[in-house]
Every structure is written in C-alpha cells, then in structure tokens.
Amino acid sequence: MITRWQGIGLALLVIGDFLFGAVCAARLPQRVPVHWNFQGQVDRYGSPWELAFILPLTLAITTGVMVALPFLGKTGEALERSGQMYGRIILLAVGMLVAMHVMMLVLWNQPQDIVTGNLVNLGVLFMVLGNWTSKVRRNPIMGVRTLWTLKSDYVWERTNRVGARLMVAHGVAIVASAFLLPVWATFTMVLGGAVAEVIWAMVYSRSLARGEAQRQAGLSSQ
C-alpha cells in the first residue's frame, strides 16, 4: 500500500516536475528536440512547452491511477500483503521518470548525452526493482505475473526470486552497454532482454506449476 509520506513524496515529485518544466520552457528556444531515435539522434522538433509539460502531464495521470489501484477491492487486498513495497516501487519509478525529464530539459541540445543518461537511468531502475521484486507477495499488479504465478504462492515466490536476479543482471548489462556500446546496441539489449525474461517467466513458472501439481497428486494417492 502507499503510506501518507509516500503519497506526499509522489505529489512533490509530480508538482516539482511541472514547476521545473515551466521554468525551463520560458528559457528554451522556440524549437527544441522532443523525440530521439534508436541511434540517439533527434527525429522530431517541437515547442518548448511540449517538452516541458507532455511528460509531467502523462506522469500525473499515471501516478493518479497507480495511487488509486490499491483501493479497488481484491486488488487492494492483494497489494496489502506486500506492505509498503508497492508505494516504494511507485515512488522509485516516478522519481526515475522525473530524473529522465530533467535530463531532457537540461541537456536538450546534447541528444547523445540525453539518450545515454536515460538508458543508464533505466538500467539502475531495473537493478533496484530486481532487488525489491523478490519481496513482493502474490498480486495482479507488480512482480513476475503469469497464469501460473498468480495461482500459487509457491510458484510466485520461486519465479520472482529467480526473476529478481535476472532483472538485476539485465540492469547491470544495460548500464555497462550504455557506456561501452552504440545506442542502438543498448536499445537492442533492453528490448531483447525484456522479451527473453518474459519467455523465461512463462516457461519457468509453468514448469514449477506442473511439478507442484505432480507432487500434490503423489501425496493424495498415498
């Protein structure tokens, strides 16, 4: 669940991002980069107000939805089992996105640095989330969720424990790649790693569920 102080922290981050965007937009030129491609090159320009407010507005709406989720019946009951971990994860994700937006506003004329910095930010996010994922209890919102993990605490805990390590390793690889490899290679690592983790989660959790079912069948036959 989200505590009072976590809620205050989220509100301060979103409001602070809006205020920082307003200050920067007033000082930026009339035409600034607002989107970058896989090569780390600018592929679209726009108004400084678009750069300043589109992301904070999206972030405010998304944060509002995430704050409201714990109050929705069974979803809230499931999240309550993880204590304050849900709030920590939301606070971390919002903080990282605000940091990315600040980089975009401050380094607006240095596209390569923006893309590299945001990839490093993403890698750090993966590492921290990986460390926390193993502590999350079964729920439909966060953690490694498959058809099989959502049906069994045993499958959930085993899958998320291993998945947490994979996520940390993925984050480390992203950070290293951001400094050592071309931008396109790091993007490939981000997407390829995510797809590989999804496939692994499906196969691994299904295997655990089948093993658990066989053990229970063996015990019931004795």
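For clarity, every value in this text was computed on a predicted model and none was experimentally measured.

### Some words on the overall build of the protein chain
Reasoning step 1: The helix and strand tally for the protein chain stands at 7 helices and 2 strands.
Reasoning step 2: From first element to last, N terminus to C terminus, the protein chain shows the α and β order α-β-β-α-α-α-α-α-α.
Reasoning step 3: Considering only C-alpha atoms, the protein chain reaches an extent of 75 × 40 × 20 Å along its principal axes.
Reasoning step 4: Per-residue burial over the protein chain gives 40% buried out of 222 residues.
Reasoning step 5: By sequence separation, contacts in the protein chain at least 24 residues apart represent 67% of the contacts at least 6 residues apart.
Reasoning step 6: For the protein chain, the accessible surface area stands at approximately 12100 Å², while carbon and sulfur atoms represent 66% of it.
Reasoning step 7: Looking at charge distribution, the protein chain has the averaged site of its 18 positive side-chain charges lying 7 Å from that of its 10 negative ones.

### Re the nonpolar core
Reasoning step 1: Ranked by internal contacts, the top residues of the largest apolar core, which has 39 residues, are Leu51 and Val94.
Reasoning step 2: Per-element accounting of this core gives the leading share, 10 residues, to helix α4 (residues 85–106).

### Some thoughts on the pattern of salt bridges
Reasoning step 1: In total, this model carries 2 salt bridges according to the counting rule given.
Reasoning step 2: Close ionic contact of Glu50 with Arg44 constitutes a salt bridge, the shortest N to O distance being 2.7 Å.
Reasoning step 3: When its relative accessible area of 25% is taken as the criterion, Glu50 is described as partly exposed.
Reasoning step 4: On the basis of relative accessibility, which here comes to 39%, the residue Arg44 falls in the partly exposed class.
Reasoning step 5: Its salt-bridge partner being Asp153, residue Arg138 comes within 2.6 Å of it at the nearest N-O pair. In this pair, Arg138 sits in the loop between α5 (111–133) and α6 (153–180) while Asp153 sits in helix α6, placing the two residues 15 residues apart along the sequence.
Reasoning step 6: Given a relative accessible area of 30%, Asp153 falls into the partly exposed group.

What counts and how
- Residues numbered from 1 in each chain as written.
- Predicted model: local features only at pLDDT ≥ 70, side-chain atom pairs only at ≥ 80, totals over all residues.
- Heavy atoms only, no water.
- Helix = DSSP H or I, 4+ residues; strand = E, 2+ residues; numbered from the N terminus.
- Buried < 20%, exposed > 50% of the residue type's maximum accessible area, 1.4 Å probe, protein only.
- Contact = heavy atoms within 4.5 Å.
- Areas by Shrake-Rupley, 256 points an atom, 1.4 Å probe, with all protein chains shown as cover.
- Lys, Arg positive; Asp, Glu negative; His and termini not counted.
- Charge placed at Lys NZ, Arg CZ, Asp CG, Glu CD.
- Core = buried A, V, L, I, M, F, W, Y, C linked by side-chain atoms within 4.5 Å.
- Salt bridge = Lys/Arg side-chain N within 4 Å of Asp/Glu carboxyl O.

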